[in-house]
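# Secondary and tertiary structure notes
Each chain, written out:
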Amino acid sequence: MVISRFMGRRRLHRTWVWPGILLTTLITGPVTANPQGDRSDRPFSVSVPTAASLLLQRAQRLTQLRIPYLFGGNDNAGMDCSRSVQRLYQDLGIVLPRNSDRQATHLARQGRLWRVAPSETERAIFQRLRPGDLVFWTRSDPNRISHVMVFINADAAGICLWGARGRGKTGMTGSGVDFFGYRPGSSGKLVAYGRPGI
């Protein structure tokens, strides 16, 4: 569906309306999150290269299914973080392992994983990522990846990620597999990012 008015002032074309987020493939502009979601008062600007737009369209379709978070879940009844990432890329013909630590290992073997220096800030890391990059965190065990999400965008307003989050967290449309406004440190320690090759 195409909207004809945005922010009450400008007319945009080739714009899709998503639950809680607006995406334009060739036009950059402020994007307002759904009031239900994390950091819903923070707008996001999404500038998406054509190569990444297909991935984001698929993420939108999965979001519309309102799949809840379920640790170890593998289908529409529930998914966890790594399965949501695996399914997103699987639908685009890109094979990733099931678990987040194995996804990181898989990308490392392809030369597509970069470790983060301990001195780097998360803001600096996110500024150099591309839409569709995978972001990896550790929690209790610093030597084991425990969480993964898909990077969407970072700007002065905040950081937007897609994937599955648990423990009662809901995203911009209130679903467990959704778009999220990320707060630094909320997912553990960011240790690496990878590029599956979209």
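These lines cover the structure that appears in this document, whether it is placed above or below. (Residues numbered from 1 in each chain as written. Predicted model: local features only at pLDDT ≥ 70, side-chain atom pairs only at ≥ 80, totals over all residues. Heavy atoms only, no water.)

A few words on the sheet that holds strand E8 (residues 134-138). The six strands lie next to each other as E7-E12-E8-E9-E10-E11, forming an open sheet whose pairing is antiparallel. The two strands at the open ends of the sheet, each matched to only one other strand, are strand E7 (113-115) and strand E11 (177-182). Recorded for the sheet is a direction-independent mean angle of 35° between the axes of neighbouring strands. Each of E7, E8, strand E9 (147-155) and strand E12 (189-194) is contacted by helix H3 (residues 100-109), which is oriented at about 125° to E8, the strand it contacts most. (Pairing = 2+ DSSP bridges. Helix = DSSP H or I, 4+ residues; strand = E, 2+ residues; numbered from the N terminus. Axes fitted to C-alpha atoms, helices over the stretch in contact; angles between N-to-C directions. Contact = heavy atoms within 4.5 Å.)

Per the stated rule, a full pass over the model turns up four aromatic pairs. Pairing Trp-114 with Tyr-193 gives two aromatic rings, centres 5.5 Å apart and planes at 25°, and the pair type is stacked. With Trp-114 in strand E7 and Tyr-193 in strand E12, the pair connects residues that are 79 residues apart, well separated along the chain. Of the residues examined, Trp-114 reaches a relative accessible area of 33% and is grouped as partly exposed. For the ring pair Phe-126 and Phe-151, a centre distance of 5.9 Å and an interplane angle of 20° mean the geometry is stacked. Of the two residues, Phe-126 is situated in helix H4 (residues 122-127) and Phe-151 in strand E9; the sequence distance between them amounts to 25 residues. Each member of the pair, Phe-126 as well as Phe-151, carries the same accessibility label: buried. Here the aromatic residues Phe-126, Trp-137, Phe-151 and Tyr-182 are joined through ring pairs into a cluster of three or more. (Phe/Tyr/Trp six-rings, centres within 6.5 Å; stacked < 30°, edge-to-face > 60°. Buried < 20%, exposed > 50% of the residue type's maximum accessible area, 1.4 Å probe, protein only.)

In terms of burial, helix H2 (residues 81-90) is largely enclosed, as nine of its ten residues are buried. Within the span of H2, buried status applies to Cys-81, Ser-82, Arg-83, Ser-84, Val-85, Gln-86, Arg-87, Leu-88 and Tyr-89.

Once that is clear, we can look at the nonpolar core. Burial of nonpolar side chains together is a common tendency in soluble globular proteins. Of all hydrophobic cores here, the largest spans 28 residues; its most connected members are Leu-88, Tyr-89, Leu-134, Phe-136, Val-150 and Trp-162. Breaking this core down by element, the ones donating at least two residues are helix H1 (50-64), H2, H3, E8, E9, strand E10 (158-164), E11 and E12. Grouped together as the second largest cluster of nonpolar side chains are 15 residues, Leu-129, Ala-154, Leu-161 and Tyr-182 included. (Core = buried A, V, L, I, M, F, W, Y, C linked by side-chain atoms within 4.5 Å.)

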